[in-house]
Amino acid sequence: MAIDVDKLAYRYEELRSERANWESTWRECAELFNPGRYRDDTETNAHRIPLVNPKLVNSKGILAMRSMASGMQGGMASPVRPWFRLVAKGDPQFIPDGVNAWLDRVTQVMTAVLHQSNFYNATHTLYSDIGTFGTGLLVETANEDGIYFHLVRCGEYVLDINGNDEVDTFFRRLYMTPRQILDRWENAPDLPDFIKRSRERKVMTTERYDVIHAVFPRTDFKPAKRLTVESKPFASVYYLPGGSSGHGTGKACILEEGGFDMFPAFAPRWDVSGSDVYGRSPAMDVLPDCKMLQAMTTTLRKTQHKIADPPLVADQSLRATGVKLIPGGLSFFDSTRTGTTPVAPIHQPEAAALQTVMTAIQEVEQNIDDGLYVDLFRMMLEDQRSRITATEINAKERERIVMLGPVVERLHKELFDPVIRRTFALMQEWGAMPTPPEGVDALDVDVSFESALAQAQRQVTTSNIEAGFAFIGQAAAAVPEILDIVDTDAMGRAYLDRINMPSSVIREESAVEEIREQRAQAAAQQQQMETMNQGVNQLVDATKAMENMSNTNISGQNALEALTGGLGNVL
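Residues numbered from 1 in each chain as written. Predicted model: local features only at pLDDT ≥ 70, side-chain atom pairs only at ≥ 80, totals over all residues. Heavy atoms only, no water.

In this section: the overall build of the protein. On a plain count of helices and strands, the protein comes out with 17 helices and 14 strands. Looking at the protein as a whole, 40% of its 571 residues qualify as buried. Sequence separation of at least 24 residues holds for 73% of the intrachain contacts in the protein that already meet a minimum separation of 6. Total accessible area on the protein stands at roughly 32300 Å², and carbon and sulfur atoms take up 52% of it. (Helix = DSSP H or I, 4+ residues; strand = E, 2+ residues; numbered from the N terminus. Buried < 20%, exposed > 50% of the residue type's maximum accessible area, 1.4 Å probe, protein only. Contact = heavy atoms within 4.5 Å. Areas by Shrake-Rupley, 256 points an atom, 1.4 Å probe, with all protein chains shown as cover.)

Below you can see the structure in the form of structure tokens.
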């Protein structure tokens with residue numbers, strides 16, 4: 001079924017209307033925490049607005065957000081250390097041999113693919129978007145050159161969610177010149193004449209027009225063997241909206257219609273209230289503090305200026321000649337006048353007042369650091385530089401890391417897990433996947449995260465295993481039967497799983513059983529050899545005893561003859 005562009009445009013306007021109550025808050029947060037990352041999609045000169053806030057007098061919010069973004073990248077998906085691995089779902093005993101080693105190889109290849117793309121640059125900015133606006137939008141595409149991630153600025157997109165509160169729809173605004181439109185869609189059948197004629201001008205205009213990109217699930221999706229646009233479960237449509245110049249001209253028209261097998265975008269949210277589409281951010285929580293900080297800093301600067309350069313009062317006699325207040329300046333006045341001061345400060349704040357204001361500012365700045373978890377992330381970055389382990393991080397900051405637990409889990413669900421799964425599918429589609437083991441056609445793959453924050457979260461549960469093992473070990477010294485209640489194999493595998501031990505170095509259960517069977521056979525053979533040796537030793541000892549008896553003289557007879565003679569008498 002063909003896409004009705006008028007209905008699509010109407011839905012876009014509805015979603016923009018639903019988003020309107022967030023826009024003023026986003027604008028304020030951008031000015032204080034992340035200048036340049038907010039673009040109002042009604043602004044026709046958005047590409048020309050200043051990238052900094054000229055009214056900003058204290059950059060604490062910007063610096064704190066920068067620290068949080070760096071800490072999130074180092075703690076969640078660091079480019080310099082492994083942060084994920086692929087594992088097979090299901091009971092380990094039913095997983096074919098070689099699958100775990102193959103998945104480790106796929107993990108290595110996928111890590112290289114992400115490094116070759118702009119993934120880490122894009123996600124670093126995405127963290128600051130999430131921390132500032134509570135929501136971010138990252139779109140992943142692929143071609144023969146590799147994978148690319150498009151980061152959409154706040155204000156340039158609208159989202160919608162399905163019945164499971166999952167983002168499955170987005171519209172984004174591309175503000176493009178006629179040259180850019182023609183480079184991509186010159187052969188579009190419905191391209192307006194005013195765009196086509198732009199090439200005929202001596203100088204191509206730099207006027208910009210709205211191009212809307214919409215991705216949404218098809219309600220009329222029907223799987224088909226042939227590769228057509230309608231056979232894709234997600235539609236992808238570029239269109240020019242109708243309206244006045246600068247926002248489309250005349251009737252709305254479709255420039256391109258395509259589709260995706262998987263939703264190509266990721267819209268992670270910091271925290272979500274109920275069924276809200278957009279999330280709340282930590283910057284929103286400390287927005288009042290950052291506003292107050294600007295006012296307090298303005299007061300501080302005025303106070304410092306008054307102390308360094310106070311307002312002055314001068315004797316009336318100096319009106320005619322003036323006063324030179326520059327260093328080394330020379331002024332003249334009538335020295336015969338007594339009881340007057342030629343020039344004196346009229347108001348100069350006390351130094352103690354300055355210290356009071358500075359102390360208050362430090363308290364507010366600390367509130368901002370606490371709200372953005374700056375101290376926690378700074379500690380993690382410093383500890384990683386000193387090669388501290390995740391266990392030590394957990395021991396030092398367990399309570400604060402646990403506070404980030406919901407955020408970590410949400411980012412795993414809404415960002416990293418979908419990124420890994422889509423990248424896995426794209427690698428299969430473009431032939432970048434290592435050859436699987438023989439007999440493995442389809443495999444249900446899961447993602448295990450082993451970043452510093454993920455490990456710290458998971459290792460909170462390892463303390464229970466360690467405490468249980470210590471208790472069983474101590475109790476077994478007095479009551480050995482207590483070992484029967486513990487499945488030590490399951491305990492060991494659970495512990496190794498929580499510390500993200502690579503699957504390739506953990507033996508399969510079949511291999512463990514074979515090793516134990518061989519060990520039992522070797523022990524049985526050893527026992528048999530020891531029994532045989534014991535019998536031989538006993539025979540040798542008996543032979544030596546017989547020889548000794550035959551050599552012993554008892555009343556003209558040896559001991560053996562005396563013994564056999566005695567036996568004869570008995571018989």
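Inspection of every chain in the model, using the stated rule, returns 21 salt bridges. E156 is paired through a salt bridge with R153; the nearest N and O atoms lie 3.2 Å apart. Given the relative accessible area of 26%, R153 is considered partly exposed. A salt bridge links R421 to D417; the nearest nitrogen and oxygen atoms lie 2.8 Å apart. Taken together, the residues span about one helical turn, with R421 and D417 both in helix α12 (residues 405-429) at a distance of 4 residues. Residues joined by salt bridges that share partners form a network here, namely E13, R16, R19, E23 and D41. (Salt bridge = Lys/Arg side-chain N within 4 Å of Asp/Glu carboxyl O.)

Let us look at a nonpolar patch on the surface. Taken together, L312, V323 and L325 make up a surface patch of nonpolar side chains, about 240 Å² in accessible area. Relative to the assigned elements, V323 resides in the loop between β10 (312-314) and β11 (343-345). Among the residues examined, V323 registers a relative accessible area of 32% and is labelled partly exposed. (Patch = residues over 30% accessible without salt bridge, like charges linked within 9 Å, V, L, I, M, F, W, Y side chains within 5 Å.)

Residues F33, W83, Y239 and F416 are the most contacted members of the largest nonpolar core, which totals 107 residues. The leading source of residues in this core is helix α1 (residues 5-33), at 11 residues. Those residues within four positions of F416 in sequence are excluded, and the remaining contacts are M76, A77, W83, F119, Y127, L411 and F449. M176, I181, F194 and Y238 belong to the second-largest nonpolar core, a separate cluster that totals 15 residues. (Core = buried A, V, L, I, M, F, W, Y, C linked by side-chain atoms within 4.5 Å.)

A few words now on the sheet that holds strand β5 (residues 167-176). Strand order in the open sheet formed by 5 strands is β4-β5-β6-β7-β8, with antiparallel pairing between adjacent strands. With one partner strand each, in any of the chains shown, β4 (157-161) and β8 (253-260) form the two edges of the open sheet. Averaged over all adjacent pairs, the angle separating strand axes in this sheet is 15°, with direction ignored. With 7 bridges connecting them, strand β7 (residues 234-240) and β8 associate as antiparallel partners. Bridging across to β8, Y238 finds its partner in E256. Of the strands in this sheet, β5, β6 (209-217), β7 and β8 are in contact with helix α5 (residues 178-185), which crosses β5 at around 125°. (Pairing = 2+ DSSP bridges. Axes fitted to C-alpha atoms, helices over the stretch in contact; angles between N-to-C directions.)

Before going further, it helps to examine helix α3 (residues 99-116). Along an α-helix, residues three or four apart share an orientation, since each turn contains 3.6 residues. In this model α3 runs 26 Å from its N-terminal to its C-terminal C-alpha over 18 residues, within 8% of the 26 Å that 1.5 Å per residue would give. Among the residues of α3, those classed as buried are V99, N100, W102, L103, D104, V106, T107, V109, M110, V113 and L114. Buried residues in α3 make contact with β1 (84-88), α4 (119-133), β3 (146-152), α12 and β12 (445-449). (Expected span 1.5 Å × (residues − 1).)

Taken together, 3 strands build an open sheet; the order of strands is β3-β2-β9 and the sheet is antiparallel. Single-partner strands in this sheet number two, and they are β3 and β9 (265-266). Here strand β2 (residues 137-143) runs beside β9; their pairing, made up of 2 bridges, is antiparallel. Bridge pairing links L138 to F266 in β9.

Moving on to the packing of aromatic side chains. Overall, the coordinates contain 16 aromatic pairs when judged by the stated rule. Between the aromatic rings of W26 and Y278, the centroid separation amounts to 5.3 Å while the plane-to-plane angle is 80°, which identifies the pairing as edge-to-face. With W26 in helix α1 and Y278 in the loop between β9 and α7 (282-285), this residue pair connects regions lying 252 residues apart in the sequence. Between the aromatic rings of W185 and Y238, the centroid separation amounts to 5.2 Å while the plane-to-plane angle is 45°, which identifies the pairing as tilted. Here the residue W185 occupies a position in helix α5, and Y238 occupies one in strand β7, the gap between them amounting to 53 residues. The buried category is assigned to W185, whose relative accessible area is 4%. In this structure Y238 comes out as buried when scored by relative accessible area, which is 8%. A network of ring pairs unites the aromatic residues W83, F84, F119, Y120, F149, F416 and F449 as a single cluster. Over the ring of Y175 we find R173, and its NZ or CZ is 4.2 Å from the ring centre. A cation sits over an aromatic face here: R184 above Y238, 4.9 Å from the ring centre. (Phe/Tyr/Trp six-rings, centres within 6.5 Å; stacked < 30°, edge-to-face > 60°. Lys NZ or Arg CZ within 6 Å of the ring centre and 35° of its normal.)

Attention now moves to the state of the cysteines. Evaluated as defined, the whole model comprises 0 disulfides. Cysteine C154 shares no disulfide, and the gap to the nearest cysteine sulfur, in C29, comes to 9.1 Å. For C154, a relative accessible area of 2% puts it in the buried group. (Disulfide = S-S within 2.5 Å.)

In this section: α5. Along α5, the residues that are buried comprise P178, I181, L182 and W185. Down the axis of α5, the smallest arc covering the buried residues is 95°, so these residues share one side. Among the exposed residues of α5, those pointing more than 90 degrees away from its buried face are R179 and D183. Each element contacted by the buried residues of α5 is listed here: β5, α6 (193-196), β6, β7 and β8. (Arc of directions from axis to C-beta.)

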